[in-house]
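# Chains, contacts and geometry: an overview
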Amino acid sequence: MKVEFIIPTYKSYSNLITMIGSIMSQTSPDWILTIISDGDDDFINHDQIKLIRQINDPRIDYRRIAGPNNDWGHTARNYGLDKAKGDWIVMSASDNYYVPTFVEHIIHEAQNPDVSLIYCDFIHNLAYGGYRVIQSQIKAGHIDIGNVAYKRELIGDARLDKKEYTADFWFAHWYNNLHNNVGGKIARKIDKVLYVHN
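Now for a look at the structure at hand. Keep in mind it's a predicted model, so treat the numbers as computed, not measured.

## Brief notes about the overall build of the chain
Along its length, the chain carries 6 helices and 9 strands. Here the chain, with 198 residues, has 49% of them falling under the buried criterion. Partitioning the contacts of the chain with sequence separation of at least 6, the portion at a separation of at least 24 is 78%. Surface summary for the chain: the accessible area is close to 9,200 Å², and the carbon and sulfur share equals 49%.

Structural data, given as structure tokens:
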């Protein structure tokens, strides 16, 4: 079982290094990391990207799409969903990061075949005015695209159709409604802070 992280990025190299480090520091090795540049011409040749690529971990895939699309990374995320190989999908952004036990917790909860969505509590920076712990719920203001893992087989051909900032909430809400209507599939909340949204 593999957890795949789909991470769009655009000229955010130092943040991307922190994100990659948080994935590589996971206590479970069962992850895939797909980094998608949203049309950044410097993505391949920038010194920090060259340094990152020297990691040469076969679990990390670097891709670039035409752009920039200026849609909060949702076109890049949709591209990542089209190419996804993991059993569980986590979509985030390059300036966020994960606690080292995130994948371990997701895989533990995913052992139940009826679970199709797993989410955790997280720390959110309040528009750069400080941080607070968010007790996650699948409702506006209490969920983020990065603190949810989705079972890939249930995502199917669903994509982030809304391209505004709040599309992550609407995708989680749509998915919650979907799994509630497919044979008793359930959401599972992990009552731990395992993700930091910047």
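## As for unusual backbone geometry
Across the junction of Gly67 and Pro68, the peptide omega takes the value 10 degrees, indicating a cis bond. Even without being glycine, Asn70 reaches a positive phi, approximately 50 degrees. Positionally, Asn70 belongs in the loop between β3 (60-65) and α3 (74-83). On the accessibility criterion, Asn70 (71% relative accessible area) is exposed. The backbone of Trp72 sits at a positive phi, close to 65 degrees, despite the residue not being glycine. Relative to the helices and strands, Trp72 is located in the loop between β3 and α3.

## Some words on the pairing of strand β8 (residues 148-151)
Alternating residues of β8 divide into Val148 and Tyr150 and Ala149 and Lys151, and every residue in both groups is buried. Sheet topology places strand β6 (residues 115-125) next to β8; 3 bridges connect them, and they run antiparallel. Residue Ile118 lies in a different strand from β8, and its bridge partner there is Ala149.

## Remarks on the nonpolar core
Counting 30 residues, the largest nonpolar core has Val3, Phe5, Leu33, Tyr98, Phe102 and Ile118 as the members making the most contacts within it. Secondary structure elements with two or more residues in this core: β1 (3-9), α1 (13-24), β2 (31-38), β3, β4 (88-91), α4 (102-110), β6 and β9 (186-197). No other element matches α4, which puts 5 residues into this core. Those residues in contact with Tyr98 that sit more than four places away from it in its chain are Phe5, Met19, Ser22, Ile23, Gln26, Val90, Met91, Ser92, Gly146, Leu194 and Tyr195. Core analysis: the next-biggest nonpolar cluster, separate from the first, contains 18 residues, Ala76, Tyr119, Ile143 and Ala158 among them.

## As for the pairing of β6
A large share of β6 lies buried, amounting to 10 of its 11 residues. Bridge analysis of β6 against strand β7 (residues 131-134) gives 4 bridges, and the strand direction is antiparallel. When the sheet's bridge partners are listed, Phe122 is paired in β7 with Ile134.

## Regarding the side chain of Glu109
Within the secondary structure layout, Glu109 lies in helix α4. Residue classification places Glu109 among the buried residues on the basis of a relative accessible area of 17%. Setting aside anything within four residues of it in sequence, one finds Glu109 in contact with Val115, Ile118, Arg188 and Ile190.

## A short note on α4
Looking only at α4, the buried set comprises Phe102, Val103, Ile106, Ile107, Glu109 and Ala110. Viewed end-on, α4 has its buried residues packed into an arc of 165 degrees, placing them on one side of the element.

## Observations regarding the pattern of salt bridges
Within the structure shown, the criterion is met by 6 salt bridges. Arg63 serves as the salt-bridge partner of Asp61, at 2.7 Å between the closest nitrogen and oxygen. Arg63 gets classed as partly exposed once you look at its relative accessible area, which sits at 26%. Each member of the salt-bridge network shares a partner with another, and the members are Asp121, Lys189 and Asp191.

## Here's the deal with α1
Relative to the 16 Å expected for 12 residues at 1.5 Å per residue, α1 spans 16 Å between its end C-alpha atoms, a close match to the ideal helical length. Buried within α1 we find Tyr13, Leu16, Met19, Ile20, Ser22 and Ile23.

## Here's the deal with the environment of Thr34
With respect to the helices, strands and loops of the structure, Thr34 is situated in strand β2. By relative accessible area, which is 4% here, Thr34 ends up buried. In the structure, Thr34 is positioned 28 residues away from Tyr62 in sequence and 6.1 Å away in space, judged by C-alpha atoms.

Here is what the cut-offs are and how they apply
Residues numbered from 1 in each chain as written. Predicted model: local features only at pLDDT ≥ 70, side-chain atom pairs only at ≥ 80, totals over all residues. Heavy atoms only, no water. Helix = DSSP H or I, 4+ residues; strand = E, 2+ residues; numbered from the N terminus. Buried < 20%, exposed > 50% of the residue type's maximum accessible area, 1.4 Å probe, protein only. Contact = heavy atoms within 4.5 Å. Areas by Shrake-Rupley, 256 points an atom, 1.4 Å probe, with all protein chains shown as cover. Pairing = 2+ DSSP bridges. Core = buried A, V, L, I, M, F, W, Y, C linked by side-chain atoms within 4.5 Å. Arc of directions from axis to C-beta. Salt bridge = Lys/Arg side-chain N within 4 Å of Asp/Glu carboxyl O. Expected span 1.5 Å × (residues − 1).

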